[in-house]
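Spelled out, the chains give:
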Amino acid sequence: MEQNPNRTRDHLANERTFLAWIRTAIALMGFGFVIVKFAVFIRQAALLLGEKATVMPKSYSAQIGVGMVVFGAIAAALGYVSYRNTASKIEKGYYQPKTSVNLWITIIIIITSAVLIYFLLPNIR
């Protein structure tokens, strides 16, 4: 039985896209981990410096970091769902690209960026 080379290419492209989702998820989770560890570092530095420390009284680094890890996990799950749906549609021969997931991820990233800018701007002097 000879396979259609176009179908094979489509499946390989689908796998590459899935791996891009996974790389993005890992990067988001890693970035979230770094943000959380930075919050711990700031707290330790404040304790070591005592009253001389000029650290913000309330830091949202830990919450933002955990949020990034959660967002990374969601990205991995969405990537897998997208991969399975695309593979099924390729097999059935009627794949049509959907942009709704991409739109929602873009909106979430823009909102997250706006929130981060809001919290970071007062710290720039």
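Starting from 1, residues in each chain are numbered consecutively following that chain's sequence as written. Residues qualify for local features only when their pLDDT is at least 70, as the model is predicted, and side-chain atom pairs are given and counted only at 80 or more; totals for whole chains, interfaces and linings, by contrast, use all residues. Water and hydrogen atoms play no part in the side-chain values, which are based on all heavy atoms of the structure.

**Q** Explain the nonpolar core to me, and be specific about the residues and the numbers.
**A** Core analysis: the largest hydrophobic core is formed by 8 residues, namely Trp21, Ala25, Leu28, Ile35, Met68, Phe71, Ala75 and Ile105. Only DSSP runs of H or I covering at least 4 residues are called helices, and only runs of E covering at least 2 are called strands; the numbering of each starts at the N terminus. When residues of this core are traced back to their parent elements, those giving at least two are helix H1 (5–49) and helix H2 (61–92). Per-element accounting of this core gives the leading share, 4 residues, to H1. Excluding its chain neighbours within four sequence positions, the residues that come into contact with Phe71 are Leu28, Ile105, Ile108 and Ile109. Take the buried Ala, Val, Leu, Ile, Met, Phe, Trp, Tyr and Cys residues and link them wherever side-chain atoms come within 4.5 Å; each set so joined is a nonpolar core. To sort residues, take the accessible area from a 1.4 Å probe on protein chains only and compare it with the maximum for the residue type: under 20% means buried, over 50% means exposed, and anything in between is partly exposed. Residue contacts follow a heavy-atom distance rule, with two residues in contact if any of their heavy atoms lie within 4.5 Å.

**Q** Can you break down the packing of aromatic side chains residue by residue, with the values?
**A** Only rings of Phe, Tyr and Trp enter the pairing, Trp through its six-membered ring, and a pair is recorded when the two centres are within 6.5 Å. The plane angle decides the type: under 30 degrees is stacked, over 60 is edge-to-face, the rest tilted. For the coordinates displayed, the defined rule picks out 3 aromatic pairs. With a centroid separation of 5.1 Å and 35° between ring planes, the pair formed by Phe18 and Tyr83 is classed as tilted. One end of the pair, Phe18, is in helix H1; the other, Tyr83, is in helix H2, with 65 residues separating them in the sequence. A relative accessible area of 19% means that Tyr83 is categorised as buried. Ring pairing ties together the aromatic residues Phe18, Tyr80 and Tyr83, which thus form one cluster.

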